[in-house]
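Below are the chains, spelled out letter by letter.
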Amino acid sequence: MKADPKAVLTGAHFLDGDHACSEGAIAAGCRFVAGYPITPSTEVVERIAERFPLIGGVFIQMEDEIASSIAIQGAVWAGKKAMTVTSGPGFSLMMEHIGLAAMTETPCVFVDVQRGGPSTGLPTQPAQGDMMQARWGSHGDYGIIALSPNSPQECFDLTIKAFNLSEQYRVPVLFMMDECVGHMTERVIIPPAEEINIFPRRFYEGPRDEYLPFKPDEDLVPKIVKAGDGYKIHVTGLTHDEKGYPVMTAAAQEKLIPRLVNKIKLNAEKIIEYKEDNIDDAEVVVVTYGITSRVAIPAINQARQEGIKVGHLRLIVVWPFPEKRITELAGRIKSFIVPELNQGQIFYEVERNAYGKAPVYLVPHAGGTVHNPKDIYNAIIKSLKGK
Amino acid sequence: MDEQILEIEESIPVNPIESFLRTDRIPHIWCPGCGIGTTVNCFTRALETSGLDLNKVSIVSGIGCTGRVAGYLNLDSFHTTHGRPIPFATGLKLANPELKVVVYSGDGDLFAIGGNHFIHAARRNLDMTVICVNNSIYGMTGGQVAPTTPIFATASTTPHGNFEQPFNLPYLADSCGAVYVARWTAYHVRHLTKSIKEALAKKGFSFIEILAPCPTLYSRRNKLGDGLDQMLYYKENSEIKHGANTKEVALEFQSKIIVGKFVDRDRPDYLTLMNEHYQKKFGDKYTPYKG
Ligand SMILES: Cc1ncc(C[n+]2csc(CCOP(=O)(O)OP(=O)(O)O)c2C)c(N)n1
Ligand code: SF4
Ligand SMILES: [Mg+2]
């Protein structure tokens, strides 16, 4: 399926990341957005509010983020593609509904333009402190997908990818921007609509009386229908059987929950995306995502100029995490460096998957601005001295 | 012999509401004497005569004993999170205005944790019907105090009696802009059925409060007898006062109950306003939104 040409602003633009994200959502076919204003994410919904009336979309500013994060799910069950947009404090309020979307296999997108936390923190300044919350923030076990763009262009491209993945796997997809990427303005190329691939919703098409709303296909993802189609579906956040009916037993839990985890875990190799530079001969690998991937480049270049073999692995899909790739690299390199705008989150994931075969060094940052590349450079040098 | 049994079975009339229920989910979880089932009976009878296309009716519940209603109705049904059926219903309705959207939930769900959503949905005049089963208590979690528990009544978290002022729900709904507001009890099955039918036919935000017994937790703890005793109380102490000033219908512990249709007015609903507004603003460039 291709994007709707009437809504896509094909051409070269000068956009900030927030606005590029709005355009990505529109190109992806999103026609319902609910949100509550919060810096530094507000520009996303402001542009949506500006654009939606003339392209047949509905934007509603809800009374809070709890409402926003479930209004989008109502809209999805009525057949729309939908997203909500927020930052730290609002993201915290949305956690229960990330779990609801995971449990009811409701495809939708949550955008978090990260700012300094905890609590009100640094409202106008960047951080990457919500990465673990994105993965584990709702209670119980479930799988999600999270992406991390590093430029306005990627805010456009990867928002489309976020929608496509949410439809393909029927999961909430978390779009983990940060204040820097959200507010930086760069050239963004919006391709012609016919070049934008859209993953269509996986609607059920079989015999009506044989439909089981939560019976998975081979890839563990069930087919969906929408309210009003006459199927009289039941959708619940309780543990349920394939019919969607609540079943309060350990056996029902065992049948459902591992599938919700495994539909991401077992499809991980298809979902994972990262970008590597100078990895083949690398002795040190810097693992980054989001804005930090750009800040690390001067540090990597300087070290390489000095003859140090440094490679760069940039996560584009952060969750599921490229576990295998980290383990492979750990077997042959001397060290990993993980700079993040937090006190260590993805660092632990790298460390866990290195299995002690290569040391992993964190370059923490409390947020508020980005790293000084020098700190990353120093960490590279130190790591080779085994410190 | 077998033929005889068959004949008898065939002659047993099918309960007319059965087609509205997910009979494969019966028996339900509600206690004997619980008022929720009675309200569901009225709801299905209202649906039956409403003329609505049942394929286009969606029911949304939150969490609680009343929250289980969605799971027993043979409609597109959504059992959401505690307190949040209204914002879910908001998304459902705005995404497909063809749907008739009903929210069916408990007093704690709609007015404690979900109170904020209620007042905003009423203010926006979203086209939905909200039915609240008010049993004066949190049933599902074992009888804790609710924002509807009368002063002096005891609950598991007010073992010495409640001293907080409860909500007057019709007044709240009225002042937030609901276009239809009624209160009935589980005793008033005919009035209630008629009222639900009216609310379903109304465009905009309609609200019905139904007082219903929770014999297991509320009545027992407050020594009010069983479900039947509570029904008797409703019968003997209710006064029908259509058009009553909602300011004057507050409930007190085992006091007189004013029931009736208090508000029935017209005000353009959210999507009508949206379409009119954008049409004025954008003229021919705007295509009226239909979902
Ligand atoms: C976020 C959250 N908090 C608390 C609960 C626990 N809980 C479930 S139902 C309920 C209260 C239900 O009361 P009410 O809405 O009046 O429904 P009733 O059971 O009386 O019909 C509570 C507190 C929950 N499920 N979710
Ligand atoms: S606990 Fe009360 S409200 Fe819940 S089913 Fe039993 S009687 Fe009904
Ligand atoms: Mg209650």
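Predicted model, so just to flag it, every value in this text is computed and none were measured.

Once that is clear, we can look at the site of ligand 2. Residues and elements named next belong to chain B. Close to ligand 2 lie Trp 30, Cys 31, Cys 34, Ile 36, Cys 65, Asn 135, Cys 214, Pro 215, Thr 216 and Leu 217. Among the elements that take part in the shell around ligand 2, helix 9 (residues 215-221) stands out by supplying 3 residues, more than any other. A per-class count over the shell around ligand 2 returns 8 nonpolar, 2 polar and no charged.

Once that is clear, we can look at the interface of chain A and chain B. Contacts between chain A and chain B engage 40 residues on the former and 41 residues on the latter. Summed over both partners, the interface of chain A with chain B buries about 3,400 Å², with 61% contributed by carbon and sulfur atoms. Contact with chain B buries surface across chain A, with A:Leu54, A:Glu63 and A:Lys232 losing the most and accounting together for 19% of the total. The interface formed by chain A and chain B holds 2 salt bridges in total. The shortest N-O distance in the salt bridge between B:Asp24 and A:Lys243 comes to 2.5 Å. At the junction of chain A and chain B, the tally comes to 19 residue pairs in polar contact (both at pLDDT 80 or more). For the side of chain A that touches chain B, the secondary structure elements donating two or more residues are strand 3 (58-61), helix 3 (65-77), helix 5 (95-104) and strand 10 (234-236) of chain A.

It is worth spelling out the sheet that holds strand 13 (residues 310-315) of chain A at this point. Residue and element names in this part refer to chain A. Taking strand neighbours across the sheet as the criterion, the 5 strands line up as 11-13-12-15-16 in an open arrangement whose pairing is mixed. Sheet topology places strand 11 (274-277) and strand 16 (360-363) at the edges, where each strand pairs with a single neighbour. Strand-to-strand twist across the sheet, computed as the mean angle between neighbouring axes with direction ignored, equals 20°. Bridging between strand 11 and strand 13 involves 4 bridges; their strand directions are antiparallel. Following the sheet pairing, Glu 276 is matched in strand 13 by Leu 313.

Moving on, we come to the coordination of the magnesium ion (ligand 3). Residue and element names in this part refer to chain B. At 2.0 to 2.1 Å from the magnesium ion (ligand 3) lie its protein donor atoms, namely Asp 107 (OD), Asn 135 (OD1) and Ile 137 (O). Of note, the magnesium ion (ligand 3) draws all its donor residues from one chain, in the sequence arrangement D-x27-N-x1-I. Placement of Asp 107 in helix 5 (residues 107-113) and of Ile 137 in the loop between strand 4 (128-134) and helix 7 (169-176) is noted, with a sequence separation of 30 residues between them. Taking the relative accessible area as the measure of exposure, Ile 137 reaches 1% and is therefore buried.

With respect to topology, 9 strands assemble into an open sheet ordered 10(A)-2(B)-1(B)-3(B)-4(B)-6(B)-5(B)-8(B)-7(B), the strand pairing being mixed. The open sheet is flanked by strand 10 of chain A together with strand 7 (238-240) of chain B, the only strands paired with a single partner. If you compare each strand with its neighbour and ignore which way they point, the axes differ by 20° on average. Taken together, the 6 bridges between strand 5 (residues 180-185) of chain B and strand 6 (residues 205-211) of chain B define a ladder with parallel strand orientation. Counterpart to B:Val181 in the pairing with strand 6 of chain B is B:Phe207. Along the sheet face, helix 4 (residues 85-95) of chain B touches strand 1 (57-61), strand 2 (76-79), strand 3 (100-106) and strand 4 of chain B and points at about 175° away from the line of strand 3 of chain B.

Glancing now at the packing of helix 6 (residues 115-124) of chain B against helix 7 of chain B. All names here are of chain B. The interhelical angle for the contact between helix 6 and helix 7, taken along N-to-C directions, is 45°, at an axis separation of 8 Å. By the angle between their directions, the pair helix 6 and helix 7 is classed as oblique. Contact with helix 6, carried on its side by Phe 118, Ile 119, Ala 122 and Arg 123, involves Leu 172, Ala 173 and Cys 176 of helix 7 and no other residues of that element. Of the residues belonging to the contact of helix 6 with helix 7, the class tally is 6 nonpolar, no polar and 1 charged.

A few words now on helix 14 (residues 373-384) of chain A. Residue and element names in this part refer to chain A. End to end, helix 14 covers 17 Å across 12 residues, agreeing with the expected 16 Å (1.5 Å per residue, within 8%). Taken as a whole, helix 14 has its buried residues at Ile 376, Tyr 377, Ala 379, Ile 380 and Ser 383. Angular distribution of buried residues about the axis of helix 14 spans 160°; they occupy a single face of the element. What points out from helix 14, more than 90 degrees from its buried face, is the exposed set Lys 374 and Lys 382. Next to the buried residues of helix 14 lie strand 12 (284-289), helix 11 (292-305), strand 13, strand 15 (335-339) and strand 16.

Once that is clear, we can look at the pairing of strand 12 of chain A. Residue and element names in this part refer to chain A. With 6 of its 6 residues buried, strand 12 lies for the most part within the structure. Side-chain alternation along strand 12 places Val 284, Val 286 and Thr 288 on one buried face and Val 285, Val 287 and Tyr 289 on a second face that is also buried. Here strand 12 pairs with strand 13 via 6 bridges, running parallel. Residue pairing in the sheet places Val 284 in a bridge with Val 310 of strand 13. The parallel pair strand 12 and strand 13 is bridged by helix 11, and the resulting crossover is right-handed. Bridge count for strand 12 against strand 15 is 3 bridges, and the pairing is parallel. Across the sheet, Val 284 pairs through a bridge with Ser 335, a residue of strand 15.

How each quantity is defined
Residues numbered from 1 in each chain as written. Chains lettered and ligands numbered in written order. Predicted model: local features only at pLDDT ≥ 70, side-chain atom pairs only at ≥ 80, totals over all residues. Heavy atoms only, no water. Near = heavy atom within 4 Å. Helix = DSSP H or I, 4+ residues; strand = E, 2+ residues; numbered from the N terminus. Nonpolar A, V, L, I, M, F, W, Y, C, P; charged D, E, K, R; others polar. Contact = heavy atoms within 4.5 Å. Buried area = accessible area lost by both parts, 1.4 Å probe. Salt bridge = Lys/Arg side-chain N within 4 Å of Asp/Glu carboxyl O. Polar contact = N/O pair within 3.5 Å; in protein donor to acceptor, adjacent residues only side chain to side chain. Pairing = 2+ DSSP bridges. Axes fitted to C-alpha atoms, helices over the stretch in contact; angles between N-to-C directions. Donors = N, O, S within 2.8 Å, 3.2 Å for Na, K, Ca; no water. Buried < 20%, exposed > 50% of the residue type's maximum accessible area, 1.4 Å probe, protein only. Parallel < 35°, antiparallel > 145°, perpendicular 65-115°, else oblique. Expected span 1.5 Å × (residues − 1). Arc of directions from axis to C-beta. Right-handed = clockwise from strand over helix to strand, strands pointing away.

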